[in-house]
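# Examining the three-dimensional arrangement
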Amino acid sequence: MENDSPILQTLAPVTHDLGGFKVHRTLPHKQRTMVGPFIFFDQMGPAQLEIGGGIDVRPHPHINLATVTYLFAGAIDHRDSLGTRQRIEPGAVNLMTAGQGITHSERSPADERAAGPELSGIQTWLALPQAKEEVPPAFEHVPADALPVIDGDGVSLNLIMGEAFGAASPVTCHSPTIYAAITLAPGASVDIDKDADERALYLLDGDANVDGFELQPQYLALLAPGRRPVVRSQSGARLMLCGGAPMDGERHVWWNFVSSSRDRLNEAKRAWKAGEFALPPDDHDEFIPLPEVPLTVSYP
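The rules we used
Residue numbers restart at each chain and count upward from 1, following the sequence in its written direction. For this predicted model, a pLDDT threshold of at least 70 governs which residues receive local features, and a threshold of 80 or more governs which side-chain atom pairs are given and counted, while totals over whole chains, interfaces and linings are taken from all residues. With hydrogens and water stripped out, all remaining heavy atoms of the structure feed into the side-chain values. Note on exposure labels: buried denotes an accessible area under 20% of the residue type's maximum, exposed denotes more than 50%, and partly exposed covers the range between, all computed with a 1.4 Å probe on protein chains only. The secondary structure listing takes helices from DSSP runs of H or I that are at least 4 residues long and strands from runs of E that are at least 2 residues long, numbered from the N terminus. Think of it this way: DSSP has to see at least two bridges between two strands before they count as a pair. Cysteine sulfur atoms that pair up within 2.5 Å are treated as a disulfide. Every angle, taken between N-to-C directions, lies between 0 and 180 degrees, and every axis is a line fitted to C-alpha atoms, over only the stretch in contact when it is a helix. UniProt positions are given in the numbering used here, feature names are shortened, and annotations may be inferred rather than shown by experiment. Definitions used throughout: a 1 Å grid over protein atoms alone; a cavity as a set of points that fits a 1.4 Å probe which cannot get out; a pocket as an open set with protein on both sides within 12 Å along at least five of seven lines; a lining residue as one with an atom within 4 Å of a point. Polar contacts here mean pairs of N or O atoms no more than 3.5 Å apart (in protein, one a potential hydrogen donor and the other a potential acceptor; neighbouring residues in sequence count only if both atoms are side-chain atoms). In what follows, a contact means two residues having at least one pair of non-hydrogen atoms within 4.5 Å.

What follows is about the pairing of strand β11 (residues 118-127). Most of β11 sits inside the fold, with 9 of its 10 residues counted as buried. Sheet topology note: the strand β4 (residues 38-48)/β11 ladder contains 8 bridges and is antiparallel. Residue pairing across strands places Phe 38 opposite Leu 126, the latter belonging to β11.

The next thing to look at is the state of the cysteines. Linking two cysteines covalently through their sulfur atoms gives a disulfide. Following the criterion strictly, the structure yields 0 disulfides and no others. In this structure Cys 242 is not part of a disulfide, and its nearest cysteine sulfur, from Cys 173, lies 13 Å away.

Turning our attention to the sheet that holds strand β10 (residues 102-107). In spatial order, the strands read β5-β10-β7-β8; together these 4 strands make up an open sheet with antiparallel pairing. Two strands close off the open sheet at either side, each with one partner strand: β5 (56-62) and β8 (85-88). Across the sheet, the mean angle separating the axes of adjacent strands is 20 degrees when strand polarity is ignored.

Another point: the UniProt feature "binding site: Fe cation" (unreviewed entry) in the chain. Following the UniProt record, one finds the feature "binding site: Fe cation" (unreviewed entry) at His 60, His 62, His 104 and Glu 106. For the residues just named, distributed over 47 residues, the greatest C-alpha separation is only 13.5 Å, placing them together at one site. Lining the largest pocket, from the residues named above, are His 60, His 62, His 104 and Glu 106. As for its placement among the helices and strands, His 62 is situated in strand β5. Note on His 62: relative accessible area 2%, which makes it buried. Polar side-chain contacts of His 62 include one of 3.2 Å to the side chain of His 104. Positionally, His 104 belongs in strand β10. When near neighbours in sequence (up to four residues on either side) are disregarded, His 104 contacts Arg 58, Pro 59, His 60, His 62, His 78, Arg 79, Asp 80, Met 96 and Pro 280.

So this is what it looks like as structure tokens:
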């Protein structure tokens with residue numbers, strides 16, 4: 001691309017059909033592992049599941065990362081090995097800090113199954129700074145009405161994490177982070193803050209351009225640093241903005257494990273296979289076994 005392009009890099013998604021709904025994954029990518037602390041970026045759905053059906057992500061482990069779940073439609077019951085049981089609904093945030101190790105499950109609630117669950121949302125993983133990789137595990141739920149919403153001139157922006165656009169989110173940040181959901185009405189535009197060192201835009205639906213550069217749905221577009229680009233839409237759009245300060249060194253990903261140390265990943269694999277992780281106390285009758293070949297890996 002031209003040196004004056006507002007876009008440094010565009011990452012195409014890998015799409016997985018999970019039976020009834022699709023997941024579009026743009027991080028980690030063969031061309032790039034992280035944007036700021038973001039090391040995993042999944043769009044779930046949108047989908048309308050069958051009556052009586054739903055999602056059942058059995059208990060599984062994480063280390064050295066934090067997961068962030070943000071929904072647009074539907075609901076998910078979260079259970080973890082700390083004993084947490086928390087329903088998440090659209091606009092709220094579930095932040096789970098794995099640290100030295102945690103397990104959790106994600107399932108459609110019974111009342112959603114009865115009506116035929118909707119599913120639409122974003123799940124991300126954030127790498128933890130090396131000094132915080134082995135912190136005790138923790139869980140935090142922030143309801144939708146506690147998050148800043150910036151409205152005006154055809155723009156509605158929900159600030160999920162970080163400080164930007166003259167507001168600050170109450171969600172814990174383990175390192176400098178920016179994360180926001182943006183809705184543009186037809187003909188609307190928004191300036192993107194330039195404070196974060198690394199930033200990317202993800203177009204969920206509709207049409208949008210960055211200083212004239214057209215975005216593609218389900219692609220992650222990395223913004224050039226130091227610029228304050230303008231995002232415009234002709235017919236309306238929904239986007240996610242993510243990024244933050246560069247992470248303090250390389251991170252490795254294998255399945256649900258993230259770490260600055262390959263040895264630590266191998267130890268987590270051994271421990272999960274040996275049954276040494278505690279399971280959620282009210283969801284412990286089944287779990288996801290260690291895969292031979294995981295779908296999620298860092299490159300190389």
